[in-house]
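# Breakdown of the fold
If you want the building blocks of each chain, they are given just below.
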Amino acid sequence: MGPHIFLLFVGLTISLGDAALQPAPCDKSRKVFTEGWGVITDGPFGSNYTQDSHCEWLIKANNTHKYITLSFQSMGTECSYDYVFVYDGDSFSAPLLGSFSGKTDPQNITASSGSMLILLYSDTNYVLDGFRAEYSVTSCPGNCTHQSQGMCVVNTCVCEGDWGGKDCARRLCPEDCGATLGRGSCHLGHCRCSPGYSGQSCSLHRMDPSGNR
Ligand SMILES: [Ca+2]
């Protein structure tokens with residue numbers, strides 16, 4: 001085999017390999033996911049979704065006490081015309097967790113019903129490259145933030161230290177309430193601010209206009 005033929009062969013192998021890894025474009029279909037983790041995307045990376053799309057993805061946990069968290073890696077739809085809708089349930093009558101459009105990655109979204117339904121809707125003109133998101137099924141919301149900030153006990157997070165919230169992702173006393181600067185102190189998971197200071201972490205002072213912009 002001459003060097004040119006060999007190079008051609010290698011090139012072909014690589015492009016075929018890529019094609020095999022790429023998911024097929026969604027086309028008015030519903031895909032059902034029952035694994036504990038997966039990737040949801042409207043189609044191959046770098047290719048646009050189609051006009052007049054209506055694509056559905058249903059994620060089903062193996063019981064209704066589980067949590068499903070969706071984490072976007074990329075997002076690109078025609079702003080205010082093409083949308084990704086996320087529902088906490090297995091139908092469009094379930095509570096809507098969010099509707100997203102444009103080019104900003106949405107924050108993580110968690111469904112608590114044991115199912116999550118995702119819809120990509122596009123109108124009849126102008127398309128972009130769509131979205132890619134990973135989901136994971138956990139016994140507790142957000143896996144108690146990777147289990148480093150809390151423990152999952154019977155589908156409920158028991159938070160550690162001054163972490164709080166359903167998924168232990170929130171600091172109860174952010175910046176320790178500025179205790180070392182005399183701005184405030186932490187009491188039972190809330191900042192108690194010194195006179196003149198206010199805000200969640202007692203970072204605002206009535207004489208300082210910078211926090212009021
Ligand atoms: Ca469009």
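Keep in mind that this is a model prediction, so the values were computed, not measured.

This paragraph deals with the nonpolar core. Judged by nonpolar contacts, the single largest core of 28 residues is most densely connected at I68, L70, V86, M116, I118 and Y135. Counting residues per element, the ones that place at least two in this core are β3 (54-60), β4 (67-76), β5 (83-87), β8 (115-121), β9 (130-138) and β11 (156-159). When residues of this core are assigned to domains, at least three map to each of domain 1 (24-138) and domain 2 (144-170). Setting aside chain neighbours within four positions, we find L70 in contact with V86, N108, I109, M116, A133 and Y135. Ranked by size, the runner-up nonpolar core spans 6 residues in total, among them C173, C193, Y197 and C202.

Bringing the pairing of β9 into the picture now. Examined bridge by bridge, strand β2 (residues 37-41) and β9 share 5 bridges and lie antiparallel to one another. Across the sheet, V39 pairs through a bridge with E134, a residue of β9. Sheet topology places β4 next to β9; 9 bridges connect them, and they run antiparallel. By the bridge assignment, I68 is partnered in β9 with V137.

So, on to unusual backbone geometry. Here the phi dihedral of E175 falls at roughly 55 degrees; this positive angle occurs in a residue that is not glycine. In this structure, C202 takes a positive phi of about 55 degrees despite not being glycine.

It is worth spelling out the environment of A61 at this point. Tracing the backbone through its elements, the reader meets A61 in the loop between β3 and β4. Not counting chain neighbours up to four residues away, the residues in contact with A61 comprise K66, I68, G114, S115 and V137.

The rules we used
Residues numbered from 1 in each chain as written. Predicted model: local features only at pLDDT ≥ 70, side-chain atom pairs only at ≥ 80, totals over all residues. Core = buried A, V, L, I, M, F, W, Y, C linked by C-beta atoms within 7 Å. Buried ≥ 20, exposed ≤ 12 C-beta atoms within 10 Å, placed from the backbone. Helix = DSSP H or I, 4+ residues; strand = E, 2+ residues; numbered from the N terminus. Domains from an automatic or database assignment. Contact = placed C-beta atoms within 7 Å. Pairing = 2+ DSSP bridges.

Shape is all these values report; function is a separate question.
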